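Take a look at the letters that make up each chain.
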Amino acid sequence: MLILPHTDEKGAMIFCERLREDMARQVVKWKETSIGVTLSIGVAQFDDKKDLYPTSLVERADKALFRAKEEGRNRVVGIDE
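This one's a predicted model, so the numbers in the text were calculated from it and none came from an experiment.

Student: Even after reading the chapter, I still don't get helix H1 (residues 9-24), so can you show me in this structure?
Tutor: An α-helix turns once every 3.6 residues. As a result, residues three or four positions apart point the same way. Compared with an ideal rise of 1.5 Å per residue, which puts 16 residues at 22 Å, H1 spans 22 Å between its outermost C-alpha atoms and is within 8% of the ideal. Taken together, the buried positions of H1 are occupied by Glu9, Ala12, Met13, Cys16 and Arg20. On an axial view of H1, the arc spanned by its buried residues comes to 100 degrees, and they lie on one face. In H1, the exposed positions angled more than 90 degrees off the buried face are occupied by Lys10 and Arg18.

Structure (structure tokens):
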């Protein structure tokens with residue numbers, strides 16, 4: 001989990017997309033095998049009306065993460081997309 005203070009949802013999506021792209025360029029070498037790395041990310045912005053408890057923000061981000069995985073993995077998905 002990342003917390004990006006002073007960052008709106010659009011900025012978080014841009015940051016996470018850059019992180020995803022950087023990770024996709026990485027290659028893990030193990031013995032004689034090279035393994036590509038991918039990253040699925042769910043983004044949720046704190047909403048004082050929806051997030052009465054910290055766990056609700058995490059739950060919303062988790063839902064976005066599962067959507068990213070369902071839509072094919074290796075992507076960034078916002079909760080309100």
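Back to the write-up after that little detour.
Student: Help me out: how do you make sense of the packing of aromatic side chains in this one?
Tutor: Aromatic rings considered in pairs are described by the distance between their centres and by the relative angle of their planes. Enumeration over the complete set of coordinates arrives at 0 aromatic pairs. Over the face of the ring belonging to Phe66 we find Lys69, whose NZ or CZ atom lies 5.7 Å from the ring centre.

So, how was this worked out
Residues numbered from 1 in each chain as written. Predicted model: local features only at pLDDT ≥ 70, side-chain atom pairs only at ≥ 80, totals over all residues. Heavy atoms only, no water. Helix = DSSP H or I, 4+ residues; strand = E, 2+ residues; numbered from the N terminus. Expected span 1.5 Å × (residues − 1). Buried < 20%, exposed > 50% of the residue type's maximum accessible area, 1.4 Å probe, protein only. Arc of directions from axis to C-beta. Phe/Tyr/Trp six-rings, centres within 6.5 Å; stacked < 30°, edge-to-face > 60°. Lys NZ or Arg CZ within 6 Å of the ring centre and 35° of its normal.

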